[in-house]
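Chain residues, written in single-letter form:
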Amino acid sequence: MSGFSAAWLALREPYDLRARSTKVLAAVSAALAPLPALTIVDLACGTGSTLRALAPHLPAHQNWKLVDNDLGLLARAANASHPRARVTTTPIDLVRDLEAALDGPLDLVTTSGLLDLVSDSWLERLAIEVAARGLPFYAALSYDGRVAFEPFDPLDAAIIEAVHNHQRRDKGFGPALGPDAAKRTIAMFEAVGYFVVNAAADWVMKPHDRDMLAILFDGWASAAREVAQQSLPEIATWLTHRSDALSHEKSSVRVGHIDVFAAPIARR
């Protein structure tokens with residue numbers, strides 16, 4: 001269950017790729033290097049960005065099972081390719097049929113940009129199911145609540161607080177974890193006896209990243225309006241200030257994300 005448009009996924013993919021932690025990627029690669037062939041399931045695959053990012057770091061002869069409930073995105077994901085990868089796509093509702101996504105012989109479970117959308121209970125279910133199968137787990141790009149703006153605006157903190165409250169609404173999995181997703185993921189996998197490697201994987205946007213910044217500013221303002229913690233004039237003022245800075249190429253933003261790799265102790 002991705003809930004994102006193909007256009008948005010295409011816009012963010014270069015930022016995701018640059019943000020992914022090399023430390024966590026190295027841990028994934030090292031853990032799987034001894035295997036001559038891999039079978040990987042990617043949950044909420046979108047258009048296949050995890051495959052494109054991760055496949056170069058893994059051994060040859062990879063079989064990827066790409067899972068999503070959005071048939072349009074899944075059709076695009078079917079065209080995801082890498083010289084080492086064989087791709088199959090499977091439509092699955094991860095709320096109802098998570099276990100079906102994990103059925104069959106697997107060597108790795110992956111996902112990107114999903115866990116901040118899921119509930120604590122669904123994440124616990126995922127951790128239990130992954131651990132019951134003794135599988136390693138790589139989750140990239142979970143938002144962790146850190147946003148740093150340049151230049152500063154006095155309304156920044158209030159807007160982001162409203163965004164966090166909006167993120168915690170039900171996104172289809174129950175009340176979403178939002179900025180708490182990464183720390184809960186780490187805690188849950190440690191609780192089931194896994195070792196965990198994690199590191200920052202921040203989006204960094206400079207003044208020339210106008211399209212990405214404009215989408216973020218509009219999205220954050222829209223979320224704040226829906227939550228209605230601030231008045232509409234306050235939100236409009238914030239968006240005007242942010243848009244003005246962007247038009248004068250004076251706007252930079254860092255958005256905090258965390259990458260996580262968790263594996264059974266025996267796979268360390």
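Throughout, a residue's number is its position along its own chain's written sequence, starting from 1. Confidence filtering applies because this is a predicted model: local features only for residues at pLDDT of at least 70, side-chain atom pairs given and counted only at 80 or more, and all residues used for totals across whole chains, interfaces and linings. The side-chain figures draw on all heavy atoms in the structure; neither hydrogens nor water molecules are used.

> Give a description of the environment of A78 that names residues and reports values.
The helix and strand labels rest on DSSP assignments: H or I over at least four residues marks a helix, E over at least two residues marks a strand, and numbering proceeds from the N terminus. Locating A78 in the fold gives a position in the loop between α4 (71-77) and β3 (85-91). The exposure class assigned to A78 is partly exposed, which follows from its relative accessible area of 41%. Expressed as a C-alpha distance, the spacing of A78 and R184, which sit 106 residues apart in the sequence, is 31 Å. Here's how the labels work: a residue is buried when its accessible area is under 20% of the maximum for its type, exposed when over 50%, partly exposed in between, all with a 1.4 Å probe on protein chains only.

> Summarise the pattern of salt bridges; cite the residues concerned and give the values.
One speaks of a salt bridge when a side-chain nitrogen belonging to Lys or Arg is within 4 Å of a carboxyl oxygen belonging to Asp or Glu. Counted according to the given criterion, the structure contains 15 salt bridges. D97 is the salt-bridge partner of R96, the closest N and O atoms lying 3.0 Å from each other. Overall, the relative accessible area of 58% leaves R96 in the exposed class. In this structure D97 comes out as partly exposed when scored by relative accessible area, which is 26%.

> Just give me the short version of the packing of helix α5 (residues 94-101) against helix α6 (residues 120-132), but keep the residues and values in it.
Under this scheme, a helix contributes an axis fitted over its contacting stretch, all axes are lines through C-alpha atoms, and angles between N-to-C directions fall in the 0 to 180 degree range. Running from N to C, α5 and α6 point in directions that differ by 5°, and their axes come no closer than 11 Å. What the angle tells us is that α5 and α6 run roughly parallel. Contacts between α5 and α6 involve L94, V95, R96, D97, L98 and E99 from the former and W122, R125, L126 and E129 from the latter. The labels follow the angle: roughly parallel below 35 degrees, roughly antiparallel above 145, roughly perpendicular from 65 to 115, and oblique for the rest. Working rule for contacts: check all heavy atoms of both residues, and any pair within 4.5 Å makes them a contact.

> Can you lay out the packing of aromatic side chains for me, pointing to particular residues and giving the numbers?
Any pair of Phe, Tyr and Trp rings, taking the six-membered ring for Trp, is counted once the centres come within 6.5 Å. Such a pair is stacked with planes under 30 degrees apart, edge-to-face with planes over 60 apart, and tilted for the rest. Counted under the stated rule, the structure contains 10 aromatic pairs. Ring plane angle 75° and centroid distance 5.0 Å describe the contact between W122 and F173, whose orientation is recorded as edge-to-face. In this pair, W122 sits in helix α6 while F173 sits in the loop between α7 (156-167) and α8 (181-191), placing the two residues 51 residues apart along the sequence. On the basis of relative accessible area, W122 is assigned to the buried category, the value being 3%.

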